[in-house]
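Commentary on secondary and tertiary structure
Single-letter residue listing:
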Amino acid sequence: MANQILIEKQAFSLILGKMGNLVVSVCLFPEGNDMNRQLSEYHSRSMQERQILFSAIIAACFIISISVFAYQKHMETMRSACAKQLTSLIKDKCARIADWRGDRLADAMMLLDSPFFVDAFRNWIADRSEQPTQKMTNRLRIIQLYRNYSDVMLLDADGKAVFSLSGELSKLENEPARAVSSAIATRMPLLSDLYQRGKDKTPGMDVIAPISDRNSERVTLLGAVVLRLDAEKTLYPLISSTAGDKAEIETWLIRREEEYAVLLNNPGANPNSAFTQKCVLSEHTHPAVMAALGGSGFAEGRDWRGTAVFSSYGQIAGSPWSLAMKMDKSESLSGWQSQGGLII
């Protein structure tokens with residue numbers, strides 16, 4: 001009996017505890033019954049927000065990818081435009097310089113093929129008195145003035161200078177002496193290579209016309225005419241810098257000398273670089289080396305300053321020269337990069 005009463009008391013206490021907990025829950029947390037529902041709604045909203053954020057990120061990545069692709073295509077188009085411009089210019093310049101050389105050789109051919117000049121030269125060699133010398137001087141003055149030669153020199157059959165319009169009869173430098181020997185040996189007109197003339201090292205070239213007497217039983221060498229050119233006044237203007245649309249284009253005349261590519265002219269940024277500026281042929285990314293090694297084309301490389309450049313190069317027909325043109329990569333693309341930035 002006592003045990004039964006004890007069990008009933010414990011059951012009654014448990015029921016009272018449960019009821020107490022219920023009352024406390026209702027009083028203190030009147031919305032406690034809705035917590036599961038709110039938590040479910042929260043998770044649902046959070047999932048939707050994450051989905052929206054994820055979709056926005058995917059859309060942003062897609063837009064950025066399209067913009068970067070469009071920018072790259074735009075820059076590639078601009079690079080192709082630079083290549084087209086430089087390639088066209090290099091072909092035109094190489095052709096113009098080759099034509100200029102042809103015109104100089106035509107001047108020499110005109111002299112050795114002219115019976116009137118050959119007769120005058122023969123008479124002057126035989127009689128160098130005042131009157132024949134004056135007639136010869138007048139003939140040579142016409143050639144000098146109309147064909148823009150700095151001086152005209154006459155050589156005897158031994159290749160020794162015996163007359164010049166300037167009065168300068170100093171010994172020929174190594175390069176013109178070599179050219180004179182070759183012209184006399186072949187009896188054909190010849191252009192010397194570029195060289196530095198005199199104490200002031202003026203860039204010069206010579207056109208040699210060997211004069212032969214064809215009226216005798218055998219062809220007899222009478223001497224030679226040397227038409228002297230000041231390269232700074234005649235050749236260099238043909239290869240001077242060209243202004244592009246938005247960038248400065250620099251043109252280099254190049255000659256290969258053993259293991260070096262040597263600059264022969266004075267570009268705008270390098271006024272005293274002719275014959276002194278050079279680079280070894282192992283520098284394959286240098287535009288001057290690409291030109292000196294032959295062939296033609298367009299490439300990206302680095303110039304004398306180590307600056308990244310676009311360049312084109314080509315060979316000048318009938319000469320030991322090549323030509324290279326370059327524009328700074330950053331300068332040539334600066335305007336186009338601004339336009340490309342608008343894409344992004």
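Residues numbered from 1 in each chain as written. Predicted model: local features only at pLDDT ≥ 70, side-chain atom pairs only at ≥ 80, totals over all residues. Heavy atoms only, no water.

**Thoughts on the confidence of the model for the protein**
- Averaged over every residue, the pLDDT of the protein is 81; residues scoring 70 or more account for 76%.
- For the stretch residues 1-9, pLDDT sits under 50, and the model shows zero contacts to residues farther than four places along the chain or on other chains.
- Across residues 22-32, where pLDDT falls below 50, the model places three contacts with residues more than four positions away in sequence or in other chains. (pLDDT = per-residue confidence, 0-100. Contact = heavy atoms within 4.5 Å.)

**Examining the packing of aromatic side chains**
- Evaluated as defined, the whole model comprises five aromatic pairs.
- Each ring, one from F117 and one from F121, has its centre 6.3 Å from the other, and the planes form 35 degrees; the classification is tilted. Here F117 pairs with F121, and both are found in helix α3 (residues 115-126), just four residues apart, close to one helical turn.
- What makes F121 buried here is its relative accessible area of 0%.
- Ring geometry for W124 versus F163: centroids 5.8 Å apart, planes at 65 degrees, classification edge-to-face. With W124 in helix α3 and F163 in strand β2 (residues 161-164), this residue pair connects regions lying 39 residues apart in the sequence. Judged on exposure class, the residue W124 and its partner F163 are both buried. (Phe/Tyr/Trp six-rings, centres within 6.5 Å; stacked < 30°, edge-to-face > 60°. Helix = DSSP H or I, 4+ residues; strand = E, 2+ residues; numbered from the N terminus. Buried < 20%, exposed > 50% of the residue type's maximum accessible area, 1.4 Å probe, protein only.)

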